[in-house]
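Residues per chain are reported as follows:
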Amino acid sequence: DGLIMYFKRIDNLLPKKYADIIEKFIDGDDNGSTIPWMWRNNLNATLHGKESIGNYYLNNTLIWEGEPVNDYSKKVMGVFVPILHYAGISENRLKVMKLNLYPRTQFRVHHKSHYDYPEGSNRRTLLYYVNDNNAFTVFDGIRKVKSKKNTLIMFDGSKWHHTTTCTNVNAKFTINMEIEIS
């Protein structure tokens, strides 16, 4: 599938117009965002089993196992389709899509490492960075990718990785997707 061992990075994936539309939709304006954010008290409870201070975020799952999860998902999916199109990925390969909001912290917090699916799942993870901030995605504790607006990384989500919080803006926003590979 053309992925290097850790990740493939595509900077400036979308034309500026689309990247700005997605950022404004997710981050909102002076009146806030219309996204119904869901509180997740433990980022990786299924792997680590217990609550961990600082290991939280908010999200909204739009697609699960290839299907929109509700009417809201169906209504807003069109905003995010350009990400797949510009990455050259057919919509019918999309299995999971989640909008993520990681609130700013005073000091950078490294979340616990996790994997998105078991090895051999015939999937790849796509992570789209919605806004510029000083957070990272870290692979194997060594390689890291800075959160840069309009950047997409593709990687084998069965490998251990983790995210960090940002300290320089109010929130880090990402779109996490899983696609089926043949």
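**Topic: the overall build of the chain**
From N to C terminus, the chain includes three helices and eleven strands. Reading the helices (α) and strands (β) of the chain from amino to carboxyl end gives β-α-β-α-β-β-α-β-β-β-β-β-β-β. On C-alpha atoms alone, the chain measures out to a radius of gyration of 15 Å, which is about the 16 Å that the 2.2 N^0.38 rule sets for 182 residues. Counting only C-alpha atoms and orienting by the principal axes, one finds that the chain spans roughly 45 × 35 × 30 Å. When burial is assessed residue by residue, the chain has 50% of its 182 residues classed as buried. A sequence separation of at least 24 residues applies to 75% of the contacts in the chain between residues at least 6 apart. With the model as given, the accessible surface of the chain reaches about 9,400 Å², and the carbon-plus-sulfur share is 51%.

**Quick look at unusual backbone geometry**
Positive phi, normally seen in glycine, also occurs at Asn122, with a value near 60°. With respect to the helices, strands and loops of the structure, Asn122 is situated in the loop between β5 (94–103) and β6 (123–129). By relative accessible area, Asn122 is classed as partly exposed at 38%. A positive phi is found at Asn150, a non-glycine position, where the angle reads about 65°. Locating Asn150 in the fold gives a position in the loop between β8 (143–146) and β9 (151–155). Take Asn150: its relative accessible area is 6%, and that puts it in the buried class.

**Some points on the environment of Asp20**
Relative to the helices and strands, Asp20 resides in helix α1 (residues 16–27). Side chain to side chain, Asp20 and Lys149 meet in a polar contact 2.5 Å long.

**Considerations on helix α3 (residues 71–86)**
At Gly78, α3 shows its maximal bend, which comes to roughly 50°, and the proline Pro82 appears one to four places after that position. For α3, the full list of buried residues reads Tyr72, Ser73, Val76, Met77, Phe80, Val81, Pro82, Ile83 and Leu84. At the N-terminal end of α3, a side-chain oxygen is found 3.1 Å from the backbone nitrogen of Tyr72, two or three residues along, and the residue is Asn70. Positive phi shows up at Gly88, right after α3, with a value of about 75°.

**Some thoughts on the sheet that holds strand β10 (residues 161–163)**
With antiparallel pairing, three strands are arranged side by side in an open sheet as β8-β7-β10. Either end of the sheet is taken by a strand with one partner, and the two such strands are β8 and β10. Averaged over all adjacent pairs, the angle separating strand axes in this sheet is 15°, with direction ignored. Judged from the four bridges that link them, strand β7 (residues 136–139) and β8 form a sheet pairing that is antiparallel. Bridge pairing in β8 places Phe139 opposite Arg143.

Definitions and limits used
Residues numbered from 1 in each chain as written. Predicted model: local features only at pLDDT ≥ 70, side-chain atom pairs only at ≥ 80, totals over all residues. Heavy atoms only, no water. Helix = DSSP H or I, 4+ residues; strand = E, 2+ residues; numbered from the N terminus. Rg over C-alpha atoms; globule rule 2.2 N^0.38 Å. Buried < 20%, exposed > 50% of the residue type's maximum accessible area, 1.4 Å probe, protein only. Contact = heavy atoms within 4.5 Å. Areas by Shrake-Rupley, 256 points an atom, 1.4 Å probe, with all protein chains shown as cover. Polar contact = N/O pair within 3.5 Å; in protein donor to acceptor, adjacent residues only side chain to side chain. Bend = angle between axes of the 7 residues up to and from the residue. Pairing = 2+ DSSP bridges. Axes fitted to C-alpha atoms, helices over the stretch in contact; angles between N-to-C directions.

Shape is all these values report; function is a separate question.
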